[in-house]
Amino acid sequence: MALPSVMVLPLLIVVAAGLYYIYNEVMQFMSKSLVRNKVMVITDAVSRVGTECAHLFHKGGARLILCGTSWDKLESLYNYLTDDADPRELVILDFSDMDSMEDVVAEVLECYGCVDVLICNSSMKLKSAVQSVSLELDRNVMDINYFGPSTLAKGVLPTMISRRSGHIVLINSIQGRLAVPFRSSYAASKHAAQAFFDCLRAEVEEYGIVVSTVSHTFINASDSPLAEGPAPKPNILAAFITSQLTHGVSPSVLANEIMQIVNRKRKEVMLAHPIPRVALYLRFLLPSFLFAVLSAEVKDSVLDDAVGENMKRDVK
């Protein structure tokens, strides 16, 4: 008995969805087996993304070196992982300043004698007007977002070159490619990191070393955004673009993407919605239009602040 023509398309969609689901399940299973016994360094392992990566790679059988600034949180993560049914040897390291980087690099290399995968996940976010950011704060952001990852990469590079094998992954940001207002220091540090690792990729390819960068929007801190008080309606187009640029990805999604990057050795990945991608093209094709839209958003923000101040004065 032939199927009615109206049922053919829905059936094809169901079959395609089923095959896609099976394919993803198989790829995830294979991904976990590919990282077994790999020595992996994860910086800022106590962050949400770092923790998700630690759980995922630990289940895959990787030998982890966890780095972070909070010893208590690192110990908590360590205890959680070693309580699993299949524990692996984990080494906890803590580096919080550039002066200790040389010692940290030496200790990392002493753990297992080599590093197979370095995941640079550390990041410091900052949202403020340019004139409000001190030089000291600028330097702090650059230390964490640029000098830290680049110095650590340089430290493990000699052993990777000698073994002609290794993978360095930079968890960066879409603001390493596109800057938005009130994030000058953050965007500058991310641009610097992006440029450094792009150069590094070309320089070490001949040694069999892979360098990958991940450009994502913001990390979702929770499933739903916090409610805000009423505010004057901003420029609709500018507000929409800005909201899309700051609409984040979940830590679990990003961690799974990192797993795929490590296994497939993908060199560049962007996790962003269509609007940020369009904004990137506008930056190069129609920069004047993009600048005008971002400027309009700044003007609306300034106007909102002014209205808010006037309302406070009226209440007083």
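This text goes with the structure placed above it.
What you are looking at is a predicted structure, and each value in this text was computed from that prediction instead of being measured.

**A closer look at unusual backbone geometry**
Excluding glycine, residues mostly carry a negative phi; peptide bonds, for their part, are mostly trans.
Working step 1: Positive phi values are uncommon outside glycine, yet N37 reaches one of about 70°.
Working step 2: Inspection of the secondary structure assignment puts N37 in the loop between α1 (5–34) and β1 (39–42).

**Observations regarding the pattern of salt bridges**
Working step 1: Applying the stated rule across the entire model yields five salt bridges.
Working step 2: A salt bridge links R163 to D116; the nearest nitrogen and oxygen atoms lie 3.2 Å apart. Linking R163 in helix α5 (residues 135–163) with D116 in the loop between α4 (101–112) and β4 (117–120), this pair joins segments that are 47 residues apart in sequence.
Working step 3: Of the residues examined, D116 reaches a relative accessible area of 11% and is grouped as buried.
Working step 4: Ionic pairing is found between E257 and R266, a salt bridge with its closest N-O pair at 2.8 Å.

**Remarks on the packing of α4 against α5**
Working step 1: In contact at an axis separation of 10 Å, α4 and α5 are set at 40° when each is read in the N-to-C sense. One element, α4, and the other, α5, form an angle in the oblique class. Every pair of crossing elements has a handedness; the one defined by α4 and α5 is right-handed. Of the residues in α5, those in contact with M101, V105 and L109 of α4 are G148, T151, L152, G155, V156 and T159.
Working step 2: Looking at side-chain class alone, the contact of α4 with α5 contains five nonpolar, four polar and no charged residues.

**Description of the packing of aromatic side chains**
Working step 1: Within this structure, the stated rule accounts for three aromatic pairs.
Working step 2: Pairing Y146 with F196 gives two aromatic rings, centres 6.1 Å apart and planes at 80°, and the pair type is edge-to-face. With a gap of 50 residues between them, Y146 in helix α5 and F196 in helix α6 (residues 184–204) connect regions that are remote in the sequence. A single burial state applies to Y146 and to F196, both of which are buried.
Working step 3: Ring geometry for F196 versus F197: centroids 5.2 Å apart, planes at 75°, classification edge-to-face.
Working step 4: What makes F197 buried here is its relative accessible area of 0%.
Working step 5: Aromatic ring contacts, followed pair by pair, group Y146, F147, F196 and F197 into a single cluster.

**Observations regarding the packing of α5 against α6**
Working step 1: α6 packs onto α5 with a crossing angle of 15° between their chain directions and a minimal axis gap of 8 Å. One way to sum up the angle between α5 and α6 is to call them roughly parallel. The two elements α5 and α6 cross, and the hand of that crossing is right-handed. The residues of α6 that touch α5, namely those facing D138, V141, M142, N145, Y146, P149, S150, A153, K154 and L157, are S185, Y186, A188, S189, K190, A192, A193, F196, F197, L200 and V204.
Working step 2: In terms of residue class, the contact of α5 with α6 is made up of 14 nonpolar, four polar and three charged.

Parameters and conventions
Residues numbered from 1 in each chain as written. Predicted model: local features only at pLDDT ≥ 70, side-chain atom pairs only at ≥ 80, totals over all residues. Heavy atoms only, no water. Helix = DSSP H or I, 4+ residues; strand = E, 2+ residues; numbered from the N terminus. Salt bridge = Lys/Arg side-chain N within 4 Å of Asp/Glu carboxyl O. Buried < 20%, exposed > 50% of the residue type's maximum accessible area, 1.4 Å probe, protein only. Axes fitted to C-alpha atoms, helices over the stretch in contact; angles between N-to-C directions. Parallel < 35°, antiparallel > 145°, perpendicular 65-115°, else oblique. Left-handed = near helix turned anticlockwise from the far one by under 90°. Contact = heavy atoms within 4.5 Å. Nonpolar A, V, L, I, M, F, W, Y, C, P; charged D, E, K, R; others polar. Phe/Tyr/Trp six-rings, centres within 6.5 Å; stacked < 30°, edge-to-face > 60°.

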